[in-house]
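# A structural walkthrough
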Amino acid sequence: MVPSPFMSAATQHPFFLKLENTQATGAFKLRGALNAVASLPSDARGVVCCSTGNHGRGVAYAAAQRGLRAVICMSNLVPQAKVDGIRALGAEVRIEGVSQDYALAAAQRLVQAEGLIDISPFDDPLVIAGQGTIGLEMLSAQPDLQHLLVPLSGGGLAAGVACAAKAINPKIKVTGITMDRGAAMDASIRAGRPIIVPEFPSLADSLGGGIGMENQLSFPMCRDLLDDVILVTEEEIYHAMQVLYYEDRIVAEGACVVGMAACLSGKITPQGPTATIITGRNVDMYQFTQVITGQDIELGEYTVKGQPYAQPIA
Ligand SMILES: *Cc1c(COP(=O)(O)O)cnc(C)c1O
């Protein structure tokens with residue numbers, strides 16, 4: 001975990017970045033995947049999962065270490081860079097449909113048809129525990145943290161981090177942050193049950209996808225352990241990607257900067273030492289270059305208007 005002088009000045013409180021972009025597979029999801037694959041029975045035939053890219057890469061890496069077959073199901077919203085990274089680890093890739101829901105259904109069919117073991121990207125106790133080790137490390141590095149800002153999609157990360165952090169310090173505040181278009185966990189918490197929301201292309205592509213209608217763990221844990229959920233716009237994500245690059249010199253995915261975006265837009269006002277998780281670096285470098293040079297970004301029907309980087313505070 002490293003301090004961010006820029007974000008500390010902007011929020012007027014010590015502000016830290018937990019750098020999961022430095023993981024071997026480029027994202028924190030390796031933690032949960034390694035924990036789940038390490039716990040498989042010795043006669044396991046292979047594993048299957050659905051993924052927005054980073055979980056698949058973690059599972060592919062962990063399966064390769066055990067010499068197991070891995071099949072990764074993804075939708076056509078997943079950037080090519082992520083698909084290529086998974087193939088390079090020797091896993092089989094299936095591209096299924098226009099959203100994560102189709103990829104999930106495909107993974108479930110392979111469990112039936114080929115006897116593979118499904119590893120959920122977020123709704124699995126071993127995956128949640130693996131991601132939770134991030135919370136342990138953050139609080140051992142900075143025991144006085146008062147507020148954790150956690151990127152939120154299916155909620156495995158937020159569930160694990162909140163569970164670990166609140167076990168150590170019950171008073172710590174944990175906020176989940178996600179993009180405002182297709183925020184499935186937010187909509188589900190407000191509805192009181194898992195619901196399906198439409199999925200859109202986003203700068204934070206790793207935060208896409210639903211939470212699963214049969215969600216057992218990450219939904220109730222996020223509902224009960226998160227103090228709140230905050231939504232940010234594509235424009236706020238765009239600007240925060242520029243801030244992380246120009247001020248902290250870090251190349252990372254749009255999904256990583258939602259916590260910074262929420263602070264910079266005034267949607268979150270830190271009240272003490274705060275940290276966020278830079279969850280991964282597996283960004284499409286062509287799109288990333290467009291963002292940091294201030295070009296317009298086409299996200300399907302939606303265009304994020306480009307703007308060259310300018311400091312938001314004097
Ligand atoms: C998966 C992922 C998230 C969100 O994690 P969930 O457990 O699905 O909430 C955030 N950032 C990146 C880079 C991811 O790959």
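Note that the structure is predicted; figures quoted are calculated from it, not measured. (Residues numbered from 1 in each chain as written. Predicted model: local features only at pLDDT ≥ 70, side-chain atom pairs only at ≥ 80, totals over all residues. Heavy atoms only, no water.)

## Overview of the side chain of Arg57
Here Arg57 shows up in helix 3 (residues 54–66). With no salt bridge to any partner, buried Arg57 finds its closest opposite charge in Glu253, at an N-O distance of 7.4 Å. The contact partners of Arg57, leaving out residues within four places of it in the chain, are Thr25, Ala81, Lys82, Gly85, Ile86, Leu89 and Asn282. (Helix = DSSP H or I, 4+ residues; strand = E, 2+ residues; numbered from the N terminus. Buried < 20%, exposed > 50% of the residue type's maximum accessible area, 1.4 Å probe, protein only. Lys, Arg positive; Asp, Glu negative; His and termini not counted. Salt bridge = Lys/Arg side-chain N within 4 Å of Asp/Glu carboxyl O. Contact = heavy atoms within 4.5 Å.)

## Some points on helix 5 (residues 100–114)
Along its 15 residues, helix 5 runs 21 Å from first to last C-alpha, staying within 8% of the 21 Å computed at 1.5 Å per residue. All buried positions along helix 5 are accounted for by Gln100, Ala103, Ala106, Ala107 and Leu110. One side of helix 5 carries all its buried residues, which in axial view fall inside an arc of 115 degrees. Facing away from the buried surface of helix 5 by more than 90 degrees, the exposed residues are Gln112 and Ala113. Where helix 5 is buried, its residues touch strand 3 (46–50), strand 4 (69–74), strand 5 (92–95) and strand 6 (117–118). Where helix 5 ends, the next residue or the one after it, Gly115, has phi of about 65 degrees, a positive value. (Expected span 1.5 Å × (residues − 1). Arc of directions from axis to C-beta.)

## Structural notes on the domain arrangement of the protein
Segmentation of the protein into domains returns domain 1 (2–25 + 125–302) and domain 2 (29–118). Just the C-alpha atoms count here: the centres of domain 1 and domain 2 sit 23 Å apart. With 26 residues of domain 1 in contact, the opposing surface of domain 2 contributes 20 residues. Of the roughly 1,900 Å² buried where domain 1 meets domain 2, counting both sides, 53% is carbon and sulfur surface. (Domains from an automatic or database assignment. Buried area = accessible area lost by both parts, 1.4 Å probe.)

## A word on the site of the ligand
In the vicinity of the ligand, 16 residues are found, and the nearest of them are Lys29, Asn54, Ser153, Gly155 and Thr279. Lys29 places a side-chain nitrogen or oxygen 2.6 Å from an oxygen atom of the ligand. One nitrogen or oxygen atom from the main chain of Leu157 is found 2.8 Å from an oxygen atom belonging to the ligand. At a threshold of 2 Å from the grid points, most atoms of the ligand map onto the largest cavity. Split by residue class, the shell around the ligand holds six nonpolar, eight polar and two charged. (Near = heavy atom within 4 Å. Polar contact = N/O pair within 3.5 Å; in protein donor to acceptor, adjacent residues only side chain to side chain. 1 Å grid on protein atoms, 1.4 Å probe; cavity = no way out; pocket = protein on both sides within 12 Å on 5 of 7 lines; lining within 4 Å. Sits in = over half its atoms within 2 Å of the grid points. Nonpolar A, V, L, I, M, F, W, Y, C, P; charged D, E, K, R; others polar.)

## Focus on empty space enclosed by the protein
Enumeration according to the criterion identifies two cavities of 30 Å³ or more in this entry. Lining the largest cavity we find 27 residues, and of these Phe28, Lys29, Ser153, Gly154 and Ser206 sit closest to its centre. Of all the secondary structure elements, the ones that give two or more residues to the lining of the largest cavity are helix 3 and helix 7 (156–168). Both of domain 1 (2–25 + 125–302) and domain 2 (29–118) provide at least three residues apiece to the lining of the largest cavity. Looking at the second largest cavity, its volume works out to about 50 Å³. For the lining of the second largest cavity, the class distribution of residues is five nonpolar, four polar and no charged. (Points joined across faces, edges and corners; volume = space filled by probe spheres on them.)

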